[in-house]
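# Tertiary structure, described
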Amino acid sequence: MTEDQIKTFMKVPKQRVAAFLKRSGWQLLPQEHSGTVWTVQDGGEREGLCTVCDGARGGFDVGIDYQDLYCPEHEDPVAALVYPPRGTPGAEAVVRALCSRERMRPKELLNALTLERRDEVRLYLHESLFAFPVQAVVYEHAIHDLFEILRLCYDCAGAGQHDDALTYSDVIFAAPDEVTLSFGRPYAEETGEAAERVRALSRQAAEQLCTTLDGLHSSERDRSVVRQYATGELTLAEVVGPEDYRPDAGPQRGLWDALDTFRHQTAAFAHWRFDRGWDVE
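In this report, the structure presented in the accompanying data block is examined. (Residues numbered from 1 in each chain as written. Predicted model: local features only at pLDDT ≥ 70, side-chain atom pairs only at ≥ 80, totals over all residues. Heavy atoms only, no water.)

Applying the stated criterion to the full structure yields 21 salt bridges. Among the salt bridges present, the one from Glu92 reaches Arg96, with a minimum N-O distance of 2.9 Å. A residue pair is termed a helical-turn pair when its members lie 3 or 4 positions apart in one helix, as Glu92 and Arg96 do in helix α5 (residues 87-102) at four residues. On the basis of relative accessible area, Arg96 is assigned to the partly exposed category, the value being 47%. Put simply, Arg253 and Asp257 hold a salt bridge, and the shortest N to O gap is 3.7 Å. Of the two residues, Arg253 and Asp257 both sit in helix α9 (residues 250-265), four residues apart, roughly one turn of that helix. Note on Arg253: relative accessible area 26%, which makes it partly exposed. Several salt bridges share partner residues, and in doing so they unite Arg105, Glu108, Arg118, Glu120, Arg122, Glu178, Arg273 and Asp275 into one network. (Salt bridge = Lys/Arg side-chain N within 4 Å of Asp/Glu carboxyl O. Helix = DSSP H or I, 4+ residues; strand = E, 2+ residues; numbered from the N terminus. Buried < 20%, exposed > 50% of the residue type's maximum accessible area, 1.4 Å probe, protein only.)

Given below as structure tokens:
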């Protein structure tokens, strides 16, 4: 983390940082306790089954008083920070806490806080797309496939032949193992029905990409329900398979297949992040 990065963070409007914290699941403690302390609970997928969250709250008899269904393991805060900070050291502490919690590098956090006029879906790959020197045809195929994915996202959002939403968008190779799909929007001064439609289509296209990626990478917990053996032990029983998330037809099916082909033939997705651009008046 550099001194310039800390200075950039301190210049971000406080309302925007507060909105980012709320968007990421952080909660401001009540005013009577502190007007600057934010906490966050563990939002990740739980390993194994929890007696309280999966058992008692699901109506299973697990020997817990039903009057007290608070789960300290999953409802106690796992991190805290102070914002607005007090000086440069405090700002650095906030950046470090956010980067650690959100699995972001400082430059990625600053990008998410300063991103305007577009949404970005960042795809982090398990392996590098290219090993240099790379043949041009390999590079060309990857570009073609990614732009096709981008086009299908807009098709899913309902873009028609006369919509120019796709012209605002782009594919960016941020690193050998990182690709950014950018869903651009018109400038704020561009008004009218066409501009508003492009803004709506771009947001919907980005959201559709993330929804499809989530479906492609469904977990056992996503596909299962909780059951209880006669012994009282809780278990997960799978009720749908990964293939059941695949859309039946239409552009949603095309987007699913394009992403599935890309991850098997080009590079698998390690994880991804959706950075929503900020509206600028």
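There is more to say after this.
Let's shift gears to the pairing of strand β5 (residues 170-175). As judged from the five bridges shared by β5 and strand β6 (residues 178-184), these two strands associate in the antiparallel manner. Paired with Asp170 across the two strands is Ser182, which belongs to β6. Between β5 and β6, which pair antiparallel one after the other, the connecting turn spans two residues. (Pairing = 2+ DSSP bridges.)

The strands that make up a sheet are held in pairs by hydrogen bonds between backbone atoms, and each pair lies either parallel or antiparallel. Within the open sheet, the three strands sit side by side as β1-β2-β3. Their pairing is antiparallel. Each having just a single partner strand, β1 (27-28) and β3 (79-82) make up the two edges of the open sheet. With four bridges joining them, strand β2 (residues 37-40) and β3 adopt antiparallel strand pairing. Across the sheet, the residue bridging to Thr39 is Ala80, located in β3.

By the element assignment, Asp279 lies in the segment after β9 (269-275). Taking relative accessible area as the criterion, Asp279 reaches 64% and is therefore assigned exposed. Each C-alpha atom, one on Asp279 and one on Asp170, is 19 Å from the other, the two residues being 109 residues apart in sequence.

Another point: α5. Counted at 1.5 Å a residue, the expected span for α5 with its 16 residues is 22 Å, and the 23 Å between its end C-alpha atoms agrees. All of the buried residues along α5 are Gly90, Ala91, Val94, Val95, Leu98 and Cys99. Contacts from the buried residues of α5 go to α1 (3-11), α2 (14-23), β3 and α6 (106-114). After α5 finishes, the residue Arg103 shows a positive phi value of roughly 55°. (Expected span 1.5 Å × (residues − 1). Contact = heavy atoms within 4.5 Å.)

Taken N-terminus to C-terminus, the directions of helix α8 (residues 193-216) and α9 make an angle of 60°; their axes are 10 Å apart at the nearest point. By the angle class used here, α8 and α9 are oblique. In terms of crossing hand, the pair formed by α8 and α9 is right-handed. Touching Gln208, Leu209, Thr212, Leu213, Gly215 and Leu216 of α8 are Gln252, Leu255, Trp256, Leu259, Asp260 and Arg263, all from α9. Among the residues forming the contact of α8 with α9, the class breakdown is six nonpolar, four polar and two charged. (Axes fitted to C-alpha atoms, helices over the stretch in contact; angles between N-to-C directions. Parallel < 35°, antiparallel > 145°, perpendicular 65-115°, else oblique. Left-handed = near helix turned anticlockwise from the far one by under 90°. Nonpolar A, V, L, I, M, F, W, Y, C, P; charged D, E, K, R; others polar.)

Time to look at the packing of helix α7 (residues 136-157) against α8. Geometry of a packed helix pair, given as the angle between the helix axes and the separation of the axes. Remark: α7 packs on α8, axes separated minimally by 8 Å, with the N-to-C direction vectors making an angle of 110°. Considered as vectors, α7 and α8 are oriented roughly perpendicular to each other. Seen along the crossing, α7 lies across α8 with a hand that is right-handed. In this structure, α7 uses Ile149, Cys153, Tyr154, Cys156 and Ala157 to contact α8, whose residues at the interface are Leu201, Ser202, Gln204, Ala205, Gln208 and Leu209. Looking at side-chain class alone, the contact of α7 with α8 contains eight nonpolar, three polar and no charged residues.

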